[in-house]
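Okay, here's what each chain looks like letter by letter:
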Amino acid sequence: MQTTGSTLQELTGIGPSGSARLLGDIGDISRFASRGHFASWNGTAPIDASSGDQNRHRLSRAGNRRINRVLHIMAVVQLRRDTEGRRYYRRKLAAGKTPMEAMRALKRRLSDIVYRRMVADAIAARTGPGGHLGATLQSSAADPNPMIDTSEKSLPGPAAPQPRTPLRAALMA
């Protein structure tokens, strides 16, 4: 974790294994256009479960379950300690939410916090293409056999770049 420069372990409820899981499964955070896309991917975005006059949302069963578990553990740890997460949970209960609804809202809020922290870490590390430190689009390998047939040579230049969300714009979202 020290070599990545990640500050995820500074968040209450994320230990070494949780931060390793987040970094390993997510990889390059800029592949998510916004915190909403990240929440949808990890399964913390609410699903409308309204019926008639009753407006309700329920927890999504979709998404990356391993990341959802890390966020659930983070939420449980925050509820056990005197943290902002616990105060947020209690405000939701006081507003008339059920304990399950309040937990869903807390997990979504923690997903947003993790997203912001990972974007800030990526900006600080100035990661290259693919999310790897020091990566470049230029190959450093020289052709070992100068007599290679043209059909065996690689194509000239890198592939066309795919649009990515600028990290500064993602941090503001």
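This text follows the structure it describes.
This write-up is about the structure you can find in this document. Being a predicted model, the structure only gives us computed values, none of them experimental.

Scoring rules and cut-offs
Residues numbered from 1 in each chain as written. Predicted model: local features only at pLDDT ≥ 70, side-chain atom pairs only at ≥ 80, totals over all residues. Heavy atoms only, no water. Helix = DSSP H or I, 4+ residues; strand = E, 2+ residues; numbered from the N terminus. Expected span 1.5 Å × (residues − 1). Buried < 20%, exposed > 50% of the residue type's maximum accessible area, 1.4 Å probe, protein only. Contact = heavy atoms within 4.5 Å. Polar contact = N/O pair within 3.5 Å; in protein donor to acceptor, adjacent residues only side chain to side chain. Arc of directions from axis to C-beta. Phe/Tyr/Trp six-rings, centres within 6.5 Å; stacked < 30°, edge-to-face > 60°.

Here we come to helix α3 (residues 65-80). In this model α3 runs 22 Å from its N-terminal to its C-terminal C-alpha over 16 residues, within 8% of the 22 Å that 1.5 Å per residue would give. Every buried residue of α3 is accounted for by Ile 67, Asn 68, Val 70, Leu 71, Met 74, Ala 75, Val 77 and Gln 78. Among the structural elements, α1 (16-26), α2 (35-42), α4 (84-94) and α5 (99-125) are those in contact with the buried residues of α3. For α3, the capping residue at the N-terminal end is Asn 64, with a side-chain oxygen 3.0 Å from the backbone nitrogen of Arg 66.

Once that is clear, we can look at α4. Gly 85, Tyr 88 and Tyr 89 are the residues of α4 that are buried. Buried residues of α4 fall within an arc of 100° about the axis and therefore sit on the same side. Exposed and facing more than 90 degrees away from the buried side of α4 are Arg 90 and Ala 94. On its buried face, α4 sits against α3 and α5. Note on α4: the residue one or two positions beyond its end, Gly 96, has a positive phi of about 100°.

Next up on the list: the packing of aromatic side chains. Per the counting criterion, the structure on display carries four aromatic pairs. Here the aromatic rings of Phe 32 and Trp 41 are separated by 5.1 Å at their centres, their planes lie at 50°, and the arrangement is tilted. By relative accessible area, Phe 32 is classed as buried at 5%. Residue classification places Trp 41 among the partly exposed residues on the basis of a relative accessible area of 23%. Between Phe 38 and Tyr 115 the ring centres are 5.7 Å apart and the planes differ by 35°, which places this aromatic pair in the tilted class. Of this pair, Phe 38 sits in helix α2 while Tyr 115 is found in helix α5, placing the two residues 77 residues apart along the sequence.

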